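Coordinate inspection notes
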Amino acid sequence: MKRLVVFTGAGISADSGIATFRDSNGLWANYRIEDVCTPEALVRNRKLVIDFYNERRKEVLSKKPNAGHLALKELENHFDVRVITQNIDDLHERAGSSHVLHLHGEITKLRSSNDDLATVPLEGWEQPLDMRHPDGSLLRPYVVFFGEAVPYFEKAIEIAQTADIFVVVGTSLAVYPAASLIYNIRPNVPIYLVDPGQPALANVGNKVTHIKEKSATGLPKLVNILINNQ
């Protein structure tokens, strides 16, 4: 069975109604990165940061997977599918995807302030301000803040290098190091891009098939293409 690696960004979540950070009317239009998404912000104003991610978590839990998420699940009937996502929501998992690697964290989990991989699940949407990890440290959202290392990036590279087919969905390929994954696939691997925009692919030598649609409509079309090309 061929290995199909899918790299997803904010676009697939936006199709479920989840607010994005980078759009003109996105979250950064109302918040400064420096106030809610840096380690320094957590120290300076812990309540603001915790409240911000509580609201994000509440929003995520109110949304449902869309046709794009469900299409990726359907592909598991025909391919060995591995999803690498920049998104912190759990919509891939709720849609039924079996193998999902989150590069930037998971909103439904909290992590130790001492260990970036020591996570615990959170029931519901609200993190109490003084909640602590079993190691004694204050818990924080399990989110990779700006300026922090991406702990699973090397693992993502290893997965990308195993791809027989590489699919890019709903991302501008502007956020590094995650966007550099596309440069780690083998030269003969075809790339399928599902995005209404024009992500940065100028230096990619692989053959690229671009479906210029949103994830919710473009991914079901891609499923048919991939199944018919088996």
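Residues numbered from 1 in each chain as written. Predicted model: local features only at pLDDT ≥ 70, side-chain atom pairs only at ≥ 80, totals over all residues. Heavy atoms only, no water.

**Section: the environment of Val-144**
- Structurally, Val-144 can be placed in the loop between β6 (139–143) and α7 (153–160).
- A residue is classified by how much of its surface remains accessible, and Val-144, at 16% relative accessible area, is buried.
- Spatially, the C-alpha atom of Val-144 lies 9.3 Å from that of Ile-88, the residues being 56 residues apart in sequence.
- Sequence-distant contacts of Val-144, defined by excluding residues within four places in its chain, comprise Leu-103, His-104, Gly-105, Ala-149, Val-150 and Pro-151. (Helix = DSSP H or I, 4+ residues; strand = E, 2+ residues; numbered from the N terminus. Buried < 20%, exposed > 50% of the residue type's maximum accessible area, 1.4 Å probe, protein only. Contact = heavy atoms within 4.5 Å.)

**Details of the side chain of Ser-137**
- With respect to the secondary-structure elements, Ser-137 resides in the loop between β5 (119–121) and β6.
- Using a relative accessible area of 8% as the deciding quantity, one classes Ser-137 as buried.
- Not counting chain neighbours up to four residues away, the residues in contact with Ser-137 comprise Ser-112, Ser-113, Asn-114 and Arg-132.

**Focus on the pattern of salt bridges**
- This model, assessed by the stated rule, comprises twelve salt bridges.
- For Arg-3, the salt bridge identified is with Asp-80, shortest N-O distance 2.7 Å. Of this pair, Arg-3 sits in strand β1 (residues 3–8) while Asp-80 is found in strand β2 (residues 80–85), placing the two residues 77 residues apart along the sequence.
- Taking the shortest distance from any N to any O, the salt bridge between Arg-186 and Asp-164 comes out at 3.2 Å. Of this pair, Arg-186 sits in the loop between β7 (165–169) and β8 (191–194) while Asp-164 is found in the loop between α7 and β7, placing the two residues 22 residues apart along the sequence.
- Exposure remark for Arg-186: the relative accessible area of 33% places this residue in the partly exposed category.
- Salt bridges here are not isolated pairs; linked through shared partners, they connect Arg-3, Asp-80 and Arg-82. (Salt bridge = Lys/Arg side-chain N within 4 Å of Asp/Glu carboxyl O.)

**Here we look at the pairing of β7**
- The buried count for β7 comes to five of five residues, which makes it a mostly enclosed element.
- Sheet topology note: the β7/β8 ladder contains four bridges and is parallel. Pairing of Phe-166 across the sheet is with Ile-191, part of β8. (Pairing = 2+ DSSP bridges.)

**Comments concerning the sheet that holds β5**
- Pairing in this open sheet of three strands is antiparallel, and the strands run β5-β4-β6 from one edge to the other. One side of each edge strand has no neighbouring strand; the edge strands of this open sheet are β5 and β6. For this sheet, the mean angle separating the axes of adjacent strands, direction not counted, is 45 degrees.
- The pairing of strand β4 (residues 105–112) with β5 spans three bridges and is classified as antiparallel. (Axes fitted to C-alpha atoms, helices over the stretch in contact; angles between N-to-C directions.)

**Let's talk about the packing of helix α5 (residues 67–75) against helix α8 (residues 215–228)**
- For the pair α5 and α8, interaxial distance at closest approach is 7 Å and the crossing angle is 20 degrees. In this view, α5 runs roughly parallel relative to α8, as classed from their interaxial angle. In this structure, α5 crosses over α8, and the sense of that crossing is left-handed. Facing Ala-67, Gly-68, Ala-71, Leu-72, Glu-74 and Leu-75 of α5, the residues of α8 in contact are Ser-215, Ala-216, Leu-219, Pro-220, Val-223, Leu-226 and Ile-227.
- The residue makeup of the contact of α5 with α8, split by class, is ten nonpolar, two polar and one charged. (Parallel < 35°, antiparallel > 145°, perpendicular 65-115°, else oblique. Left-handed = near helix turned anticlockwise from the far one by under 90°. Nonpolar A, V, L, I, M, F, W, Y, C, P; charged D, E, K, R; others polar.)

**Details of the pairing of β2**
- Within β2, five of the six residues are buried, leaving the element largely enclosed by the surrounding structure.
- As paired strands, β1 and β2 are joined by six bridges and run parallel to one another. When the bridges of β2 are listed, Thr-8 appears paired with Thr-85.
- Here β2 pairs with strand β3 (residues 100–102) via three bridges, running parallel. By the bridge assignment for β3, Ile-84 is matched with Leu-101.

**So, helix α4 (residues 46–61)**
- Counted at 1.5 Å a residue, the expected span for α4 with its 16 residues is 22 Å, and the 22 Å between its end C-alpha atoms agrees.
- Of all the residues in α4, the buried ones are Arg-46, Val-49, Ile-50, Phe-52, Tyr-53, Asn-54, Arg-56, Arg-57, Glu-59 and Val-60.
- Buried residues in α4 make contact with α2 (33–36), α3 (39–44), α6 (91–95), β4 and β6. (Expected span 1.5 Å × (residues − 1).)

**Thoughts on the sheet that holds strand β9 (residues 208–211)**
- Pairing is parallel across the open sheet formed by six strands, whose spatial order is β3-β2-β1-β7-β8-β9. In the strand order of this sheet, the two ends are held by β3 and β9, each with one partner. Recorded for the sheet is a direction-independent mean angle of 15 degrees between the axes of neighbouring strands.
- Of the strands in this sheet, β1, β2, β3 and β7 touch α7, which is tilted by about 145 degrees from β2.

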